Amino acid sequence: MIDDILLEAEENMDNAVAVAKDNFAGIRSGQASASMFANITVDYYGAPTPLQQLASITVPEARMVLISPYDASVKKEIDSALRKSDLGVNPSDDGTVLRIQMPQLTEERRRDYVKLAKSKAEDARVTVRNMRRKAKDLIDAAVKDGDVGEDEGSRAEKELDGLTKRHVDAIDALLAHKESELLEV
């Protein structure tokens, strides 16, 4: 029973770290990357569709992105979705592909992105702590009901604290990497 509680908590914490990693990938840095476009959806025949399903995204240069739609008729919708996104990009249509020249980030914009990254990291930490609290409540209930002994309950709590620390440290490491990526010129 305790092992099931700890396993579920670890899986949920792993998911929180994965979500944080995806969120950090969506924050624009000075370099162009295909992962920046992961959260962009395009209105495709009335249905919101992820951009990756409608076009190939290539990065031939450090600050250049080429988006080649699989269906040429959806190019206007992709262009519109890119302009509406919070990436601050202005695609140009050269007939077959959409070309995006990534502008150089200003120091103020870099600081704003660092604040955004810190906010997303804190959200992930809160999620991990909530998972810890939920698992601790389940452990405490199992001890109170007499399903497990107090020694096993305190051992499980220590293991849960270790899991929590490991996952919070992983989020902090992701944040430090993203912060250094954002602030390098």
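Residues numbered from 1 in each chain as written. Predicted model: local features only at pLDDT ≥ 70, side-chain atom pairs only at ≥ 80, totals over all residues. Heavy atoms only, no water.

## Comments concerning the pairing of strand S2 (residues 47-50)
Next, step 1: Pairing geometry for strand S1 (residues 41-44) and S2, over four bridges, is antiparallel. Note that in S2 the partner of Val42 across the bridge is Thr49.
Next, step 2: Adjacent in sequence and paired antiparallel, S1 and S2 are bridged by two residues, among which Tyr45 carries a positive phi angle near 50 degrees. (Pairing = 2+ DSSP bridges. Helix = DSSP H or I, 4+ residues; strand = E, 2+ residues; numbered from the N terminus.)

## Focus: the UniProt feature "coiled-coil region" (unreviewed entry) in the chain
Next, step 1: Under the feature "coiled-coil region" (unreviewed entry), the UniProt entry names residues 114-141.
Next, step 2: For the annotated span residues 114-141, helix accounts for 100% and strand for 0% of the residues, and the straight-line distance between the end C-alpha atoms is 41 Å. (UniProt positions renumbered as here; feature names shortened; annotations may be inferred.)

## A look at helix H4 (residues 107-145)
Next, step 1: With 39 residues, H4 should reach 57 Å at 1.5 Å per residue; the first-to-last C-alpha distance of 57 Å fits that figure.
Next, step 2: Within H4 the residues assigned to the buried category are Arg110, Tyr113, Val114, Ala117, Ala121, Ala124, Arg125, Val128, Ala135, Ile139 and Ala142.
Next, step 3: Summarising the contacts, the buried residues of H4 are in contact with helix H1 (2-25) and helix H5 (150-183).
Next, step 4: Gly146 sits one or two positions beyond H4 and adopts a positive phi of about 85 degrees. (Expected span 1.5 Å × (residues − 1). Buried < 20%, exposed > 50% of the residue type's maximum accessible area, 1.4 Å probe, protein only. Contact = heavy atoms within 4.5 Å.)

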